[in-house]
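Per-entry structural report
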Amino acid sequence: MEKTLQQKSEHLKEILENMGEVLVAFSGGVDSTFLLAKAKEVMGDKVLAVTAASETFPTREFNLAVSLAKQIGVKHIQTRVSELTNADFVKNDPSRCFHCKNGLYSNLQELMSDYGQTYTIVDGSNMDDLGEYRPGMKAARELGVRSPLQEAGFYKEEIRKLSKEMGLPTWNKPSFACLSSRIPYGTEITQEKIDQLDQAETFLLGLGLYQVRVRHHDKIARIEVIPEDMQRVLELHEEIDKAFKSFGFSYVTLDLKGYRSGSMNEVLKAGAVK
């Protein structure tokens, strides 16, 4: 029988209490913000948040994480990982996310050692992540990283609901994944491509669009937005086209299927990439 939200919340509390001290891999997204706030509520000062800057994590997202950690009132450490120096990551095969998360969690383990404390490293993975292709979760398990929200049985919409009740500003924050996920598997990841994607998505968000992805297909930019925003994109097509061409794209397209998480994984289901 499916547990109620109250039962899941009680289970999460028990999980956190039994951990002693936790280090939250904190991105400032919906899930990790909820987890950090609950950990602070349950464990007080036995919580440490760590946010890693990297080439594929936009400055706007990093700055938001810093602001949220301050708002929640936890000790917050800022570190840096360099993904583009990892040849396995740069070649961008379907295991890319494994190499990314392996580097991140290894960095967090080193930080933990520097502080001379035994933290349990936790991330914000939830039940919905189990239904998607997430090789980064394999890296987390191999390095002993736990996912309390998953262990307690939380789904994304439940996390949003409770976040709203708690007054967390992230309750309706659009989903976000690192910019490398916009580049097709088998295509090398470069700083130039990452910068183009960052500029393009920042521009679209500045137009008031809610959930956006720009997929990088060499000289072609494929825009994904929710169906409700498609008309807005069409109305602003000349402005968008001009801006994207200034970012280095030759062609700008609108994906008629709209935004969906992990659309670059569709080729894996079709067997086009191995």
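Residues numbered from 1 in each chain as written. Predicted model: local features only at pLDDT ≥ 70, side-chain atom pairs only at ≥ 80, totals over all residues. Heavy atoms only, no water.

Attention now goes to the packing of helix H1 (residues 5–17) against helix H2 (residues 30–43). For any two helices packed against each other, one specifies the crossing angle of their axes together with the interaxial distance. Taken N-terminus to C-terminus, the directions of H1 and H2 make an angle of 70°; their axes are 10 Å apart at the nearest point. Taken as axis vectors, H1 and H2 run roughly perpendicular relative to one another. Taken as a pair, H1 and H2 cross one another with a handedness that is right-handed. Facing Leu12, Lys13, Leu16 and Glu17 of H1, the residues of H2 in contact are Phe34, Leu35, Lys38, Ala39, Val42 and Met43. (Axes fitted to C-alpha atoms, helices over the stretch in contact; angles between N-to-C directions. Helix = DSSP H or I, 4+ residues; strand = E, 2+ residues; numbered from the N terminus. Parallel < 35°, antiparallel > 145°, perpendicular 65-115°, else oblique. Left-handed = near helix turned anticlockwise from the far one by under 90°. Contact = heavy atoms within 4.5 Å.)

Let us look at the UniProt feature "domain: Asparagine synthetase" (unreviewed entry) in the protein. The residues that UniProt annotates with the feature "domain: Asparagine synthetase" (unreviewed entry) are residues 20–83. With 44% helix and 27% strand, residues 20–83 has end C-alpha atoms that lie 31 Å from one another. (UniProt positions renumbered as here; feature names shortened; annotations may be inferred.)

With that settled, consider the environment of Glu142. You can see Glu142 is positioned in helix H6 (residues 135–142). What makes Glu142 partly exposed here is its relative accessible area of 47%. For Glu142 and Pro174, which are 32 residues apart along the polypeptide, the C-alpha to C-alpha distance reads 29 Å. A polar side-chain atom of Glu142 sits 2.5 Å from a polar atom in the side chain of Lys138. (Buried < 20%, exposed > 50% of the residue type's maximum accessible area, 1.4 Å probe, protein only. Polar contact = N/O pair within 3.5 Å; in protein donor to acceptor, adjacent residues only side chain to side chain.)

This structure, assessed with the given rule, holds five aromatic pairs. Note on Phe244 and Phe247: the rings are 5.9 Å apart at their centroids and 45° apart in plane angle, and the pair reads as tilted. Using a relative accessible area of 0% as the deciding quantity, one classes Phe244 as buried. Residue Phe247 is classed as buried on the basis of its relative accessible area of 17%. Centre to centre, the rings of Phe244 and Phe249 are 6.0 Å apart; their planes meet at 35°, and the pair counts as tilted. Looking at Phe249, the relative accessible area reads 2%, which means it is buried. In this structure, Lys164 is placed above the aromatic ring of Trp171, and the distance from its NZ or CZ to the ring centre is 4.5 Å. (Phe/Tyr/Trp six-rings, centres within 6.5 Å; stacked < 30°, edge-to-face > 60°. Lys NZ or Arg CZ within 6 Å of the ring centre and 35° of its normal.)

It is worth spelling out the pairing of strand E3 (residues 75–80) at this point. Remark: a regular strand shows side chains that alternate across the two faces of the sheet. Direction of pairing for strand E2 (residues 47–53) relative to E3: parallel, over a ladder of six bridges. Bridge pairing in E3 places Ala52 opposite Thr79. Handedness of the crossover joining E2 and E3 through helix H3 (residues 59–72) is recorded here as right-handed. (Pairing = 2+ DSSP bridges. Right-handed = clockwise from strand over helix to strand, strands pointing away.)

With respect to the helices and strands, the residue Gln150 is situated in helix H7 (residues 148–151). For Gln150, a relative accessible area of 13% puts it in the buried group. A distance of 3.0 Å separates a polar atom in the side chain of Gln150 from the backbone oxygen of Asn126. Not counting residues within four places of it along the chain, the set of residues in contact with Gln150 comprises Ser125, Asn126, Met127, Asp129, Leu130, Met137 and Arg141.

In this section: the environment of Asn172. Counting through the fold element by element, Asn172 comes out in the loop between helix H8 (156–165) and helix H9 (191–206). As for Asn172 and Arg160, which are separated by twelve residues in sequence, their C-alpha atoms are 6.6 Å apart. The contact partners of Asn172, leaving out residues within four places of it in the chain, are Arg160 and Tyr210.

In this section: the sheet that holds strand E7 (residues 251–254). Strand order in this open sheet of three strands is E5-E6-E7, and the pairing throughout is mixed. Unpaired on one side and paired on the other, strand E5 (212–217) and E7 mark the two borders of the sheet. Within the sheet, the average angular offset between the axes of one strand and its neighbour, ignoring direction, is 25°. Across four bridges, the pairing between strand E6 (residues 220–225) and E7 is parallel.

Bringing unusual backbone geometry into the picture now. Even without being a glycine, Asn92 presents a positive backbone phi close to 65°. Along the chain, Asn92 falls in the loop between helix H4 (87–90) and helix H5 (96–114). Since its relative accessible area comes to 0%, Asn92 is described here as buried. Positive phi, normally seen in glycine, also occurs at Asp218, with a value near 60°. With respect to the helices and strands, Asp218 occurs in the loop between E5 and E6.

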